[in-house]
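Take a look at the letters that make up each chain.
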Amino acid sequence: MAATTIVYPPTRRDDLVEILHGIPVADPYRHLEDPEAEETKAFVDAQQAIFNDFVKASDVRDRVVSKLTQLNNFEKFTTPFKSGENYYYFHNSGLQAQSVMYTQTSLDAEPTVFFDPNQLSADGTVSLNAYNFSNSGKLFAYALSTSGSDWVKIYVREVGSDKELDAPVEWAKFSKIEFTHDDKGYFYTKYPTPTVSVENAGTEVDASLNAQVWYHRIGTSQDQDIVVYKNDDEPDWGQDDGYDVSITNCGRYLVLGIRKGTDPSNLLYYADLEKQFGGNSLLGVPEFTEIVGEWNGSYFLLSSEGSNLFFQTSFNAPKSRVVSYDVSKVVATKTVTTTSKSITTKNADGTATSRVETTKTSKTSFVKPEFVEVIPEADTPISFVKVVKDKVVVIYMKDVKHVAQVFDLSGKFLNNIELPSGANINGIAKGDGEMFYRYSSFVTPGVISRYDFATGTSSVFRETIVQGLEAEKFEVKQIFFNSEDGTRIPMWLVHKKDLVLNGETPTLLYGYGGFGISLLPNFSINALSFVDGFNGIYCIANIRGGGEYGQEWHDAGRLFNKQNCFTDFQYAARYLISEGYTTPSKLIINGGSNGGLLIGACLNQTPELFGLGIAEVGVLDYLRFHLFTVGAAWSSDYGFPDVQKDFEYSLKISPVHNVDSSKVYPAVLICTGDHDDRVVPLHSLKFAATLQHALPNNPNPIMMRLNKSAGHGAGMSVSQNIELTADKFTYMSRVLNIPFSG
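Residues numbered from 1 in each chain as written. Predicted model: local features only at pLDDT ≥ 70, side-chain atom pairs only at ≥ 80, totals over all residues. Heavy atoms only, no water.

A. Spotlight on the overall build of the protein chain. The helix and strand tally for the protein chain stands at 11 helices and 41 strands. Computed over C-alpha atoms, the radius of gyration of the protein chain comes to 28 Å, within 12% of the 27 Å expected from 2.2 N^0.38 for 742 residues, which places it in the range of a compact globule. Projecting the C-alpha coordinates of the protein chain onto the three principal axes gives extents of approximately 100 × 75 × 55 Å. Accessible surface, the protein chain: about 30000 Å² in total, of which carbon and sulfur atoms supply 48%. (Helix = DSSP H or I, 4+ residues; strand = E, 2+ residues; numbered from the N terminus. Rg over C-alpha atoms; globule rule 2.2 N^0.38 Å. Areas by Shrake-Rupley, 256 points an atom, 1.4 Å probe, with all protein chains shown as cover.)

B. How the structure looks around the pattern of salt bridges. Under the definition given, this model contains 36 salt bridges. In this structure, Glu434 and Arg450 form a salt bridge, with 2.8 Å as the shortest nitrogen-oxygen distance. Of this pair, Glu434 sits in strand 31 (residues 434–440) while Arg450 is found in strand 32 (residues 447–452), placing the two residues 16 residues apart along the sequence. The class of Glu434 is buried, set by a relative accessible area of 10%. What makes Arg450 partly exposed here is its relative accessible area of 32%. Note that Arg544 is salt-bridged to Asp485, the shortest N-O span being 2.9 Å. Of this pair, Arg544 sits in the loop between strand 37 (537–541) and helix 5 (551–555) while Asp485 sits in the loop between strand 34 (474–482) and strand 35 (488–496); the two residues are 59 residues apart in sequence, bridging distant segments of the chain. For Arg544, a relative accessible area of 6% puts it in the buried group. Each of Glu18, Asp27, Arg30, Glu33, Asp621, Arg624 and Lys686 takes part in salt bridges that share partners, so that together they form one network. (Salt bridge = Lys/Arg side-chain N within 4 Å of Asp/Glu carboxyl O. Buried < 20%, exposed > 50% of the residue type's maximum accessible area, 1.4 Å probe, protein only.)

C. Molecular detail of the packing of helix 4 (residues 525–533) against helix 11 (residues 718–736). Contact geometry for helix 4 and helix 11: axes closest at 11 Å, N-to-C directions at 25 degrees. Considering the angle they form, helix 4 stands roughly parallel to helix 11. Two packed elements cross with a definite hand, and for helix 4 against helix 11 that hand is right-handed. Together, Asn526, Ser529 and Phe530 of helix 4 and Asn721, Thr725, Phe729 and Met732 of helix 11 make up the contact between the two elements. The residue inventory of the contact of helix 4 with helix 11, partitioned by class, reads 3 nonpolar, 4 polar and no charged. (Axes fitted to C-alpha atoms, helices over the stretch in contact; angles between N-to-C directions. Parallel < 35°, antiparallel > 145°, perpendicular 65-115°, else oblique. Left-handed = near helix turned anticlockwise from the far one by under 90°. Contact = heavy atoms within 4.5 Å. Nonpolar A, V, L, I, M, F, W, Y, C, P; charged D, E, K, R; others polar.)

D. Fine view of the sheet that holds strand 20 (residues 299–305). Read across the open sheet, the 4 strands follow the order 20-21-22-25; overall the sheet is antiparallel. In the strand order of this sheet, the two ends are held by strand 20 and strand 25 (372–375), each with one partner. Direction aside, the axes of adjacent strands within the sheet are offset by 35 degrees on average. In this structure, strand 21 (residues 308–313) lies alongside strand 22 (residues 321–326), joined through 6 bridges in antiparallel fashion. Within strand 22, the residue paired with Thr313 across the bridge is Arg321. (Pairing = 2+ DSSP bridges.)

E. Expanded view of the sheet that holds strand 31. With antiparallel pairing, the 4 strands of this open sheet are ordered in space as 30-31-32-33. Looking at the sheet topology across the chains shown, the edges are occupied by strand 30 (424–430) and strand 33 (457–463). Taken over all neighbouring pairs, the strand axes of this sheet differ in orientation by 30 degrees on average, direction set aside.

F. The arrangement of helix 10 (residues 682–694) in detail. Across its 13 residues, helix 10 extends 18 Å between first and last C-alpha, which sits within 8% of the 18 Å expected from 1.5 Å per residue. Those residues of helix 10 not exposed but buried are Leu682, His683, Ser684, Leu685, Lys686, Phe687, Ala688, Ala689, Thr690, Leu691 and Gln692. Against helix 1 (38–56), helix 7 (594–605), strand 40 (667–673) and strand 41 (702–707) lie the buried residues of helix 10. (Expected span 1.5 Å × (residues − 1).)

G. Examining the packing of aromatic side chains more closely. Applying the stated rule across the entire model yields 52 aromatic pairs. Measuring from centroid to centroid gives 5.0 Å for Phe133 and Phe140, while their planes differ by 40 degrees, and the two rings are tilted. Taken as a pair, Phe133 and Phe140 share a single burial class, namely buried. An aromatic cluster is defined as three or more aromatic residues linked by ring pairs; in this entry it consists of Phe81, Tyr88, Phe90, Phe114, Phe115, Tyr131, Phe133, Phe140, Tyr142 and Tyr155. Above the face of the Tyr191 ring, Lys173 is positioned so that its terminal group lies 5.5 Å from the ring centre. In this structure, Arg488 is placed above the aromatic ring of Phe480, and the distance from its NZ or CZ to the ring centre is 3.7 Å. (Phe/Tyr/Trp six-rings, centres within 6.5 Å; stacked < 30°, edge-to-face > 60°. Lys NZ or Arg CZ within 6 Å of the ring centre and 35° of its normal.)

H. Examining unusual backbone geometry more closely. One non-glycine residue, Val400, adopts positive backbone phi at about 65 degrees. For Val400, the location among the structural elements is in the loop between strand 27 (391–397) and strand 28 (402–408). For Asn535, which is not a glycine, the phi torsion comes out positive at approximately 50 degrees. The topology assignment puts Asn535 in the loop between helix 4 and strand 37. What makes Asn535 partly exposed here is its relative accessible area of 37%.

I. Region of interest: the nonpolar core. Within the largest apolar cluster, 138 residues are counted, with the highest numbers of intra-cluster contacts made by Met491, Leu509, Tyr731 and Met732. Residues contacting Met732, with those up to four places away along its chain left out, are Leu508, Phe530, Phe534, Ile588, Leu612, Ile614, Asn737 and Ile738. Grouped together as the second largest cluster of nonpolar side chains are 16 residues, Ile417, Leu419, Ala423 and Val447 included. (Core = buried A, V, L, I, M, F, W, Y, C linked by side-chain atoms within 4.5 Å.)

J. Region of the structure containing helix 4. Judged by how many residues are buried, helix 4 sits mostly within the fold: 9 of 9 residues are covered. When we look at burial in helix 4, the residues that qualify are Ile525, Asn526, Ala527, Leu528, Ser529, Phe530, Val531, Asp532 and Gly533.

K. Representation of the state of the cysteines within the structure. Taken as a whole and judged by the stated rule, the model has 0 disulfides. Between Cys565, a cysteine without a disulfide, and Cys602, which holds the nearest cysteine sulfur, the sulfur-to-sulfur distance is 9.4 Å. (Disulfide = S-S within 2.5 Å.)

L. Molecular detail of the pairing of strand 16 (residues 243–247). Here strand 16 lies mainly inside the structure; 4 of its 5 residues are buried. Connecting the antiparallel pair strand 16 and strand 17 (residues 253–259) is a turn made up of 5 residues, with Gly251 showing a positive phi of about 85 degrees.

M. The environment of Phe640, seen in detail. As for its position among the elements, Phe640 is in the loop between helix 8 (635–638) and helix 9 (644–653). Of the residues examined, Phe640 reaches a relative accessible area of 30% and is grouped as partly exposed. Measuring from C-alpha to C-alpha, the distance between Phe640 and Ser650 comes to 8.8 Å, with 10 residues separating the pair along the chain.

N. Examining the side chain of Asn526 more closely. Following the sequence through the fold, Asn526 ends up in helix 4. At a separation of 3.2 Å, a polar atom in the side chain of Asn526 contacts the side chain of Thr725. Excluding anything up to four places from it in sequence, Asn526 contacts Leu68, Asn72, Asn721, Thr725 and Phe729. (Polar contact = N/O pair within 3.5 Å; in protein donor to acceptor, adjacent residues only side chain to side chain.)

O. Inspection of the packing of helix 1 against helix 11 at higher detail. Contact geometry of helix 1 with helix 11 gives a least axis separation of 9 Å together with a crossing angle of 70 degrees. Comparing the axis directions of helix 1 and helix 11 gives the class roughly perpendicular. Facing helix 1, whose interface residues are Phe51, Phe54 and Val55, helix 11 presents Asp727, Thr730, Tyr731, Arg734 and Val735. A per-class count over the contact of helix 1 with helix 11 returns 5 nonpolar, 1 polar and 2 charged.

P. Highlighting the environment of Ala122. Its place among the elements puts Ala122 in the loop between strand 7 (112–115) and strand 8 (126–133). Judged by relative accessible area, which is 91%, Ala122 ranks as exposed.

Q. Layout of the side chain of Gln570. Along the polypeptide, Gln570 turns up in helix 6 (residues 563–578). Given the relative accessible area of 6%, Gln570 is considered buried.

Dropping the structure here:
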């Protein structure tokens, strides 16, 4: 479609120019940062109207919706887990908005509904954000999110009852829920109450700072809760899932991990509840003792045996290892210092009286034991670790493929868990002397296996079946290509086995490259629908910045190495073109969140390589991300724009600030959610306005889509997901002139 047929909404441009570190920086769309402004609402409505008219003018959309609805209508299960005397698992019959939690007294017993989020809202946009059972299995706490917001309310009820025990805890965010073993209360993470009302939570852009750990005693009002930990001098500590609160298996020790935002290292402390309060209860502010007081690596509590704590850590091990730490070996030494000083006082008669005042001060210092290595660092990085009773299950990642091994708590290797080629484990749960694990692949929807530690063998417990899925007609392969500096980058490709490489195949290239997050070969019915419906190729490029090869791979794509992510992705595109898989006019690039930043940067730097770029919930104003909600937490990957050196680097790659009006851009689709309070919508609004102003006559359309009653992606209902995918596929079909069969 010619650009002249699209009239983009007129948007006010201000003459706002700031001098930042001596450099003038224009920000003409600063006014779009206010989500409550009528002008912002009008801009969003106008953009949505243009997009809706564009996609609904095509007959492709109805066929895509029908096909996706049909294919998504299959049963989905999670691994069962045991709490108390009961087993639990999640199940979705197919098109239910949210999955339902079921319970059963044994694995052979008839399951019954335990908790159904679908009963909480008519449109399915209230979702279960987090949950936990008490150690006894008698209490169930759960956090509810509305419209995908990160803000949650936490409720608690007795197992077997459908009534809450008290009023919900409000304004919790990025919160783990952890009970004390006396069943009297739980820990949670809370932020200061924002200026927005409870009803509009998730639409605000105010910075979320000063996260705190609280303890709620069940049956009391929230204003009586205990502040367990806060640090007013470090407002970014604990941001964005930065507090990890755990009670050890014996219930005696409270372990607190503290991160600075998303930094890949954390501090570590513990409190002895029995020593301080005489049992497993929390009766006041706990006294913490330092385990790790330097930012030298990551430490995640895995399990405990009495006073011996087990951690997965990257300290002196960028690919991770397992260590233990015995808190009973911490030796406290109290030093008392006596200080004397002479004080002279004048009397009324002119004489003087002298006296000696003595002051005693005490200081407690600790001699800490060393960490004991249990499982050393291997050649391949650890993806994650699960301790099940006295066994340690380590999931390694070898060239973006999982390898599972079992050890005992002394670190002795016991056996391997065999996995099908290309499969990865995406769920492990404890049973009763057994373990359940779920694996999937690009073409395997999901298999739940039961692992018997006594025999070291697995058996299939439950398998997901997708009606209409012909897995045998797809081919999955992994290739490696060299980036600009010679770094070897892995990439997955999925296509039909009978595909003829003619250099014209529609290809969807997906990437992320940030925060140490790995993209694994998971099952996606939407991805297979693209391959099948467009007779296309679906690709995942495992670029630097992720965790596919450990902390060093992450480091190679963050801070002043961030450009490596974009370059790797561009070289993935070059490989697909040079090897005859596709051509730029048929190549679609897609990414979300940090991946949205990836798409925005690549569109600016090498627009000639792509036919369409889809940036979803992206960080696109790279100079102001730190000013909104939890954005400051990302400075561990992005740097801090208030620092001159960081700013100068960021200015070169910020998508909003590097749109090149002299270039021809491919078609662009920018997606966001109206309740995204993580990467706030203003990023997408400003990028859309900037592109449309700079490229009014671009031969390819530039559009924006707003997802109503949705946030950053978590908690989306099945129907919302289908609608979003259908809109993307329809847009692809129209702008690239590629037919969809189905």
